[in-house]
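# Survey of secondary and tertiary structure
So you can see what is in the structure, the chains are spelled out below.
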Amino acid sequence: MAHSIRSHNPAQELCGVSLNAPMAHIKVLMCYAIPGRVVGLEDRIAFVDYFGETKKARNDFFQLSIGEYVYAQGGFVIQRISESEAKAVLNTWEELFFKLKEIDSDLAQNPKDLRQKANLIRQKHQGNSCCVHGIIEFSNHCRCDCLYCGIRSSNTAIERYRMTVEEIIDAAYFAISELKFKALVLQSGEDTWYDEDKLLAIVQGILRKSPALLILSIGEREAGLYEKLYQAGARGALLRFETSNPDIYSKLRPAHNLDERINLIKKLRDIEYLIMTGFLIGLPGQTQDDILSDIQMTNSLGTDMFSFGPLIPHPQTPLSGVPCPSIDDTLDTIARARIMNPDARILVTTSMETIDKENALRSGLLSGGNSLMVDVTPAKYKKLYDIYPNRPGMDAEVSETIASVLKLLNSIGRAPVDLGL
Ligand code: 5AD
């Protein structure tokens, strides 16, 4: 196994990471989901109780009975667990669950500006849960030549890599069983070396070993292939449309067409994938109106999670000289997206951290964001996934990154869990 996690002790089996002051008495839970008790079943829907609150989750994978305990993620039941395990985790959660809600609600009161207003709307509509997903970047080969992207096919200066099917399954197993992720994004360039057989082997191989919400981010592949991967158990698709402005789109994505991309996203939605999509901020020629249209287009696609971020100019691309958008513009976009979509999940991307290492995650979460991703790509490949420069956390141990994310969430009263719909 390529990874290692430094501190491993029985308490961590309950997913705990200890914190420094000021909240040293509280354990930060590395669970990304709270176990819920099934209190009702109706066709494909399970009604799941969390500390007295009932949420719905689609049950595609299990024969469930009332009274059983499950983990849900993204609105799907993804793991069933024993009563004793559930109770142990719930005991650790109980005090923290209500305490975090209080901290979050206090921080959201008396909003004074656009971002604080967006934060209050997030708190009222979405509560304090914050999905934390892992991401494995399994190949940096790409047949596309997007002008903004460091792994574009004409960049001959980068070292290319592909993880084998077994390496991907192992990395996912580690992320799910050791790091406790319940949702994993599998991302690559648009790399047809991974044909139907390989992609099916990856999805089935991961799910056979460790159930999870698997989210595919593999680019514009055939709808029929996506359909088969859905049948194999993948449930999320991450595919940004990049910009809603067709002229900008065709300039930046040679030989590609915005309508085709949008149609594919719609087909993925029809297959019933959870849809994660969005755009880039700071593209040449993009106006504020374009960004508002981008937010509207994200919404009109029936998006479950907004994923947008600043363009970070890559030195080996034709956009190397384009100015990077400011952190303020990016935060305002999060705030506008939240105000226009009170019920969305909005990802605070790692590209934001590139423009403001110290504060981006915190500021993004306090401007309407409620979702994060942690890079769990094996260390030897991580740096090679060079879509943009100065990506954060490249030299950190994954356990350190997770601990700092959880500490941040704890400090602003967010629970690192996805309670579902
Ligand atoms: N800066 C920021 N994001 C980028 N992406 C590609 N290149 C860059 C860059 N230079 C984003 C695109 C793509 C996602 C995988 O990464 O939006 O959809």
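## Describing the domain arrangement of the protein
Segmentation of the protein into domains returns domain 1 (10-107) and domain 2 (124-390). Relative to domain 2, the C-alpha centre of domain 1 lies at a distance of 26 Å. Residue-level contacts link 22 residues of domain 1 with 21 residues of domain 2. Counting each side, the surface lost to burial between domain 1 and domain 2 is near 1700 Å², with a carbon and sulfur contribution of 59%. If you sort the residues of domain 1 by the area they bury against domain 2, Tyr32, Gln73 and Ile78 come out on top, with a joint share of 30%. The tally of links from domain 1 across to domain 2 stands at 3 salt bridges. Notably, a salt bridge pairs Arg58 with Glu272, separated by 3.3 Å at the nearest N-O pair. Our count for the domain 1 to domain 2 interface comes out at 5 residue pairs in polar contact (both at pLDDT 80 or more).

## A few points about the site of the ligand
Around the ligand, the surrounding shell consists of Tyr148, Cys149, Gln187, Arg240, Glu242, Leu280, Pro310, Leu311, Ile312, Ile387 and Tyr388. Take Glu242: an N or O atom from its side chain is 2.6 Å from an oxygen atom of the ligand. Ile312 places a polar main-chain atom, nitrogen or oxygen, 2.8 Å from a nitrogen atom of the ligand. In the complex, 88% of the free accessible area of the ligand, which totals 410 Å², lies under the protein chains.

## As for the environment of Gln116
Locating Gln116 in the fold gives a position in helix α3 (residues 114-126). Setting aside anything within four residues of it in sequence, one finds Gln116 in contact with Asn110 and Pro111.

## Some details on the environment of Glu102
Locating Glu102 in the fold gives a position in helix α2 (residues 83-108). For Glu102, a relative accessible area of 51% puts it in the exposed group. With 165 residues separating them along the chain, Glu102 and Lys267 place their C-alpha atoms 41 Å apart.

## Section: the sheet that holds strand β16 (residues 345-346)
In spatial order, the strands read β16-β14-β12-β11-β10-β9-β8-β17; together these 8 strands make up an open sheet with parallel pairing. At either end of the open sheet lies a strand with only one pairing partner, and these are β16 and β17 (371-375). Of the strand pairs in this sheet, strand β10 (residues 213-217) and strand β11 (residues 236-238) are connected by 2 bridges, and their pairing is parallel. Paired with Ile215 across the two strands is Gly236, which belongs to β11. Sheet strands in contact with helix α14 (residues 398-411) are β8 (131-139) and β17, and its direction is about 165 degrees off that of β17.

Cut-offs applied
Residues numbered from 1 in each chain as written. Predicted model: local features only at pLDDT ≥ 70, side-chain atom pairs only at ≥ 80, totals over all residues. Heavy atoms only, no water. Domains from an automatic or database assignment. Contact = heavy atoms within 4.5 Å. Buried area = accessible area lost by both parts, 1.4 Å probe. Salt bridge = Lys/Arg side-chain N within 4 Å of Asp/Glu carboxyl O. Polar contact = N/O pair within 3.5 Å; in protein donor to acceptor, adjacent residues only side chain to side chain. Near = heavy atom within 4 Å. Areas by Shrake-Rupley, 256 points an atom, 1.4 Å probe, with all protein chains shown as cover. Helix = DSSP H or I, 4+ residues; strand = E, 2+ residues; numbered from the N terminus. Buried < 20%, exposed > 50% of the residue type's maximum accessible area, 1.4 Å probe, protein only. Pairing = 2+ DSSP bridges. Axes fitted to C-alpha atoms, helices over the stretch in contact; angles between N-to-C directions.

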